[in-house]
Amino acid sequence: MASGVTVSDVCKTTYEEIKKDKKHRYVIFYIRDEKQIDVEVIGERNAEYDSFLEDIQKGGPGECRYGLFDFEYMHQCQGTSESSKKQKLFLMSWCPDTAKVKKKMLYSSSFDALKKSLVGVQKYIQATDLSEASREAVEEKLRSTDRN
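Values in this document were obtained by computation on a predicted structure and should not be read as measured data.

Asker: Can you help me understand the pairing of strand β3 (residues 36–44) in this one?
Answerer: Within a regular strand, the side chains alternate between the two sheet faces. Across 2 bridges, strand β1 (residues 6–7) lies against β3 in parallel orientation. Bridging across to β3, valine 7 finds its partner in isoleucine 37. Where strand β2 (residues 24–32) and β3 come together, 8 bridges link them in antiparallel fashion. If you follow phenylalanine 29 over to β3, its bridge partner there is valine 39. Linking β2 back to β3 in an antiparallel pair, the connection comprises 3 residues, with aspartate 33 at a positive phi of about 55 degrees.

Written out as structure tokens, the structure reads:
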């Protein structure tokens, strides 16, 4: 079910700056006035994953957010001793259990609109608490898509 929420142009521009130009490490999106997805925070290129987690939760325990992160990790192919650096873009829907039902419904029904406008994201992750959003959990999900 679509929510009728639109995606602002600045979301798409910022996404391209991360994907193509590698200008930023991450971006946090929020739904403004229940009408439009907009940019809330942009993370510097040298920002750590912990900063992303902090920013995605800044709204408090009753707030949902979306976050896009350019994730880097080392990958070792089977049968080789060399490891290479991999980068994957993932889009996270952060809806804590403590958020109101109406807000969770709005964010979950609007996630599709954001997915469609950000072409080229490698993984979508839905998180309701820090165990699902932790660096380890995310890296495990991203590695599951690697070829050995």
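So, next bit.
Asker: Looking at this structure, I do not really get the UniProt feature "domain: ADF-H" (unreviewed entry) in the chain. What am I missing?
Answerer: Under the feature "domain: ADF-H" (unreviewed entry), the UniProt entry names residues 4–143. Measuring from the first to the last C-alpha atom of residues 4–143 gives 34 Å, for a span that is 35% helix and 35% strand.

Asker: Help me out: how do you make sense of the environment of lysine 141 in this one?
Answerer: Locating lysine 141 in the fold gives a position in helix α5 (residues 135–143). Since its relative accessible area comes to 31%, lysine 141 is described here as partly exposed. Taking C-alpha positions, lysine 141 is 22 Å from threonine 80, a pair spaced 61 residues apart along the chain.

Asker: Whenever I open this one, the sheet that holds β1 confuses me. Can you help?
Answerer: Hydrogen bonds along the backbone pair up the strands of a sheet, which may run parallel or antiparallel. The 6 strands lie next to each other as β1-β3-β2-β4-β5-β6, forming an open sheet whose pairing is mixed. Across the chains shown, the open sheet's two edge strands, defined by having one partner strand only, are β1 and β6 (123–127). Across 5 bridges, the pairing between strand β5 (residues 83–94) and β6 is parallel. Directly across from serine 93, in β6, lies its bridge partner glutamine 126. Helix α2 (residues 49–56) contacts β2, β3, β4 (65–76) and β5 of the sheet and is inclined by roughly 160 degrees relative to β4. Of the strands in this sheet, β4, β5 and β6 touch α5, which is tilted by about 65 degrees from β4.

Asker: Would you explain the environment of phenylalanine 69 in this entry?
Answerer: By secondary structure assignment, the location of phenylalanine 69 is in strand β4. Between the C-alpha atom of phenylalanine 69 and that of tryptophan 94, which follows or precedes it by 25 residues, the distance is 13 Å. Look past the residues within four positions of phenylalanine 69 in its chain and what remains in contact with it is Arg25, Tyr26, Glu48, Tyr49, Phe52, Lys88, Leu89 and Phe90.

Asker: Explain the side chain of arginine 25 to me, please; I cannot follow it from the model alone.
Answerer: As for its position among the elements, arginine 25 is in strand β2. The exposure class of arginine 25 is buried, given its relative accessible area of 11%. If sequence neighbours within four positions are ignored, arginine 25 has contacts with Ile18, Gly43, Glu44, Arg45, Ala47, Leu68, Phe69, Asp70, Glu72 and Gln87.

Asker: How should the pattern of salt bridges be read in this particular structure?
Answerer: When charged atoms on two side chains of opposite charge get close, those side chains can pair. Under the criterion given, the structure shown has 16 salt bridges. A salt bridge links arginine 65 to glutamate 40; the nearest nitrogen and oxygen atoms lie 2.6 Å apart. Of the two residues, arginine 65 sits in strand β4 while glutamate 40 sits in strand β3, which places them 25 residues apart along the sequence. The class for arginine 65 is buried, based on a relative accessible area of 7%. Among the residues examined, glutamate 40 registers a relative accessible area of 33% and is labelled partly exposed. Salt-bridge contacts for aspartate 55 lead to lysine 58; the nearest nitrogen and oxygen are separated by 2.6 Å. For aspartate 55, a relative accessible area of 8% corresponds to the buried category. Within the structure, one salt-bridge network assembled from shared partners comprises Lys22, Arg25, Arg45, Asp70, Glu72 and Lys85.

Cut-offs applied
Within each chain, residue numbers correspond to sequence positions counted from 1 in written order. Under the rules for a predicted model, residues below a pLDDT of 70 receive no local features and side-chain atom pairs below 80 are neither given nor counted, while totals for whole chains, interfaces and linings still include all residues. Calculated side-chain values reflect all of the structure's heavy atoms, with hydrogen atoms and water omitted. A pair of strands is treated as paired once DSSP finds two or more bridges between them. The helix count covers DSSP runs of H or I at least four residues long, the strand count covers runs of E at least two residues long, and both are numbered beginning at the N terminus. UniProt positions are given in the numbering used here, feature names are shortened, and annotations may be inferred rather than shown by experiment. Each residue is placed in one exposure class: buried if its accessible area under a 1.4 Å probe, protein chains only, is under 20% of its type's maximum, exposed if it is over 50%, and partly exposed if it falls in between. In what follows, a contact means two residues having at least one pair of non-hydrogen atoms within 4.5 Å. Structural elements are reduced to axes, namely lines fitted to C-alpha atoms, with helices fitted over the stretch in contact, and the angle between N-to-C directions of any two is expressed from 0 to 180 degrees. We define a salt bridge as a side-chain nitrogen of Lys or Arg found within 4 Å of a carboxyl oxygen belonging to Asp or Glu.

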